[in-house]
Amino acid sequence: MPKNPAATIKEPKHGKRIPKFLTEGEIEHLREACFFPMKEALFEFMFSTGCRIGEIVPLDKNCLTGQIIRHCAWKR
């Protein structure tokens, strides 16, 4: 073989942090801290979909109405 195909593969980055998962108690604590319907709907949306903050920020707030999350297009 004239060329090593593995030569272009990069090594894993050092110090990359491992994702931290919340315990059931921590999730309940956060859920109980939502005193307003909008905050509760946003928390439930984030928790149930697994969306990241960066994916939630561009969402139109009119899509979240109390306990109901309507299908809305993402802002671009």
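Residues numbered from 1 in each chain as written. Predicted model: local features only at pLDDT ≥ 70, side-chain atom pairs only at ≥ 80, totals over all residues. Heavy atoms only, no water.

Engineer: Explain the overall build of the chain residue by residue, including any values.
Structural biologist: In terms of helices and strands, the chain carries three helices and two strands. Counting from the amino terminus, helix and strand elements in the chain follow one another as α-α-α-β-β. Classification of the 76 residues of the chain by burial places 12% in the buried group. In the chain, once contacts between residues fewer than 6 apart in sequence are set aside, the share between residues at least 24 apart is 19%. Accessible surface, the chain as shown: approximately 7200 Å² in total, 61% of it carbon and sulfur. (Helix = DSSP H or I, 4+ residues; strand = E, 2+ residues; numbered from the N terminus. Buried < 20%, exposed > 50% of the residue type's maximum accessible area, 1.4 Å probe, protein only. Contact = heavy atoms within 4.5 Å. Areas by Shrake-Rupley, 256 points an atom, 1.4 Å probe, with all protein chains shown as cover.)

Engineer: Summarise the pattern of salt bridges; cite the residues concerned and give the values.
Structural biologist: Taken as a whole and assessed by the stated rule, the structure comprises two salt bridges. In this structure, Glu28 engages Arg31 in a salt bridge whose closest nitrogen and oxygen atoms are separated by 2.5 Å. Highlighted residues: Glu28 and Arg31, both in helix H1 (residues 24-32), separated by three residues, approximately one helical turn. Among the residues examined, Arg31 registers a relative accessible area of 24% and is labelled partly exposed. When salt bridges that share partners are traced, they join Glu28, Arg31 and Glu44 into one network. (Salt bridge = Lys/Arg side-chain N within 4 Å of Asp/Glu carboxyl O.)

Engineer: Describe the confidence of the model for the chain, and please don't skip the residues or the numbers.
Structural biologist: Here the chain averages 76 in pLDDT, while 76% of its residues score no lower than 70. When mean pLDDT is taken per element in the chain, H1 scores highest with 89 and strand E2 (residues 68-69) scores lowest with 50. (pLDDT = per-residue confidence, 0-100.)

Engineer: Please provide a residue-by-residue account of helix H2 (residues 37-49), values included.
Structural biologist: Side chains that are three or four residues apart share a direction in an α-helix, a result of its 3.6 residues per turn. Taking 1.5 Å per residue as the helical rise, H2 with its 13 residues ought to reach 18 Å, and the 18 Å between its terminal C-alpha atoms agrees with that figure. What H2 keeps buried is the set Ala41, Phe43 and Phe45. (Expected span 1.5 Å × (residues − 1).)

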